Amino acid sequence: MRPAFIKILCIVALVFLAPPHCQKYFAEDNPFGMQIARCVLLLDDYRSNRISYSTGFNYEVLRAVGDRSLVDFEITLGDGYSHEYWLDALTAGEVDMLVMPAADTCIHRRTDLKFSPLMADGAVWVTSVSSRLAVNSLYLNISRIKNSSYYKALQERFEPKYEPYSRAARGYKYKYASPYDSLIKDAAKELGWDWRMLAALIWQESMFRIEAHSKRGALGLLQLMEQTAIAYNGSPERLEPESNLAAGTKYLKKLQRMFAADASTPEELVHFVLAAFNAGEGRIKDCIQYAASKGLPHSTWADLKRVIPMMRDTVAVDSLRLGVFKGVETIAHVDRTDSLYRAFCIIAP
């Protein structure tokens, strides 16, 4: 056997026997190279009968398959364009893969497509017949992942309908309070919060859907704007749960430091932070400043709720930095999050 051939066999063995986090390291320096694949998720309006969170579920499976297949998926949402548009982009080589419902009729009229095995939520991963990806290897790894304990655990996390109020009404504990319990618990430790309060805030912002987005451009579990994600995590990646929570947690910690001297107790500090997260720190600082200028109490959320209606008077608040503040949405936001927290205390394991 020739030495060169033996060398290649050794490299292949290292790549495929190494754990996933090491595979990427070997791939960057081996003759085969790490492939970067542009993947678009087209599941925003899709509601599976089996998996309640199809976008989050497929996002996690993509990452697992990518690690195993030496493919680094750049994952985005396909908002704003039709499925036909993205299918044309796929065959033109502008993207490498689409994730979409298998029942979507527009894909069955095409003869220039390849389909992965059916996923647990009824979605398929679609590639072009001329794709530059090593499709057969990729789809083989999908089949292997689907037969793993990891995949079964993933189904358990993403299958339930996480509805805090209806669950709380039943009055018993659940195995999972969200698809992201472990991430939320880690982030809450950094904040010094009861993790169920952070879960309540995330439900309030996104209902645990990584694809949730607002008209203003906020995206992800904590509905972060792109500039916030970059400022607090050094990355514009907002779809990735870990990245979104990391940036959001850093921002919440900043708000805690900002209002620590204003709140009378740790519990009240959480309420101040929730209000500032919704309205912006400047608005809540204005409320505190206005109350102080009038000799009114301002160290609890109940105090600020009495002050906020006064902030609607143009003349009264003219001297404040940000002027008039209606605050109706912010009051509702804090009160709803508090109510959700009580529900999570009933259902959380």
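Quick caveat, the model's predicted, so the values are computed rather than measured.

Moving on, we come to the sheet that holds strand 3 (residues 97-101). On the basis of which strands lie adjacent, the open sheet formed by five strands has the order 2-1-3-5-4 and mixed pairing. Two strands lie at the open edges of the sheet, namely strand 2 (71-77) and strand 4 (113-115), each paired on one side alone. The average angle at which neighbouring strand axes cross in this sheet is 30°, direction not considered. The pairing of strand 4 with strand 5 (residues 123-128) spans three bridges and is antiparallel. Residue Phe-115 lies in a different strand from strand 5, and its bridge partner there is Val-126. This element, helix 3 (residues 54-69), spans strand 1 (35-41), strand 2, strand 3 and strand 5 of the sheet and lies at about 160° to strand 2. This element, helix 4 (residues 83-91), spans strand 1, strand 3, strand 4 and strand 5 of the sheet and lies at about 150° to strand 3.

It is worth spelling out the side chain of Glu-281 at this point. In this structure, Glu-281 sits in helix 13 (residues 281-293). A polar atom in the side chain of Glu-281 sits 3.0 Å from the side chain of Tyr-251. A distance of 3.1 Å separates polar atoms of two side chains, one belonging to Glu-281 and the other to Lys-254. If sequence neighbours within four positions are ignored, Glu-281 has contacts with Tyr-251, Lys-254, Leu-255, Met-258, Phe-259 and Ala-276.

For the rest of this paragraph, the subject is the packing of aromatic side chains. Taken as a whole and assessed by the stated rule, the structure comprises 14 aromatic pairs. With a centroid separation of 6.2 Å and an interplanar angle of 70°, the aromatic rings of Phe-57 and Phe-158 are classed as edge-to-face. Here the residue Phe-57 occupies a position in helix 3, and Phe-158 occupies one in helix 6 (residues 149-158), the gap between them amounting to 101 residues. Judged by its relative accessible area of 0%, Phe-57 is buried. Exposure remark for Phe-158: the relative accessible area of 0% places this residue in the buried category. Ring centres of Tyr-162 and Phe-208 lie 6.1 Å apart, and the angle between their planes is 90°; this geometry places the pair in the edge-to-face category. Of the two residues, Tyr-162 sits in the loop between helix 6 and helix 7 (164-170) while Phe-208 sits in the loop between helix 9 (195-206) and helix 10 (226-233), which places them 46 residues apart along the sequence. For Tyr-162, a relative accessible area of 1% translates into the label buried.

Relative to the elements of secondary structure, Glu-190 occurs in helix 8 (residues 181-191). Each C-alpha atom of the pair Glu-190 and Phe-57 lies 26 Å from the other, and the pair is 133 residues apart in sequence. In this view, Glu-190 contacts Thr-249 and Lys-253; residues no more than four positions away in its chain are not counted.

Applying the stated criterion across every chain yields a total of 14 salt bridges. With its nearest N and O atoms 2.9 Å apart, the salt bridge here joins Arg-306 to Asp-303. Highlighted residues: Arg-306 and Asp-303, both in helix 14 (residues 301-307), separated by three residues, approximately one helical turn. Classification of Asp-303 as buried rests on a relative accessible area of 8%. Through salt bridges that share partners, Glu-60, Arg-63, Glu-240 and Glu-242 make up one connected network.

By the secondary structure assignment, Asp-338 is in helix 15 (residues 328-347). Non-local contacts of Asp-338, meaning those with residues more than four positions away in its chain, are made with Met-197 and His-271.

Right, let's get into the nonpolar core. Trp-193 and Leu-198 are the most contacted members of the largest nonpolar core, which has 93 residues in total. Non-local contacts of Leu-198, meaning those with residues more than four positions away in its chain, are made with Ile-184, Ala-187, Ala-188, Leu-191, Trp-193 and Leu-252. Membership of the second largest hydrophobic core comes to 15 residues, among which are Leu-42, Ala-89, Leu-98 and Met-100.

Which parts of space are left empty comes out when a probe the size of a water molecule is rolled across the atoms. One pass over the full model with this rule turns up one cavity of 30 Å³ or more. For the largest cavity, the calculated volume is near 30 Å³. Within the lining of the largest cavity, the residues separate by chemical class into four nonpolar, two polar and three charged.

How each quantity is defined
- Residues numbered from 1 in each chain as written.
- Predicted model: local features only at pLDDT ≥ 70, side-chain atom pairs only at ≥ 80, totals over all residues.
- Heavy atoms only, no water.
- Pairing = 2+ DSSP bridges.
- Helix = DSSP H or I, 4+ residues; strand = E, 2+ residues; numbered from the N terminus.
- Axes fitted to C-alpha atoms, helices over the stretch in contact; angles between N-to-C directions.
- Contact = heavy atoms within 4.5 Å.
- Polar contact = N/O pair within 3.5 Å; in protein donor to acceptor, adjacent residues only side chain to side chain.
- Phe/Tyr/Trp six-rings, centres within 6.5 Å; stacked < 30°, edge-to-face > 60°.
- Buried < 20%, exposed > 50% of the residue type's maximum accessible area, 1.4 Å probe, protein only.
- Salt bridge = Lys/Arg side-chain N within 4 Å of Asp/Glu carboxyl O.
- Core = buried A, V, L, I, M, F, W, Y, C linked by side-chain atoms within 4.5 Å.
- 1 Å grid on protein atoms, 1.4 Å probe; cavity = no way out; pocket = protein on both sides within 12 Å on 5 of 7 lines; lining within 4 Å.
- Points joined across faces, edges and corners; volume = space filled by probe spheres on them.
- Nonpolar A, V, L, I, M, F, W, Y, C, P; charged D, E, K, R; others polar.

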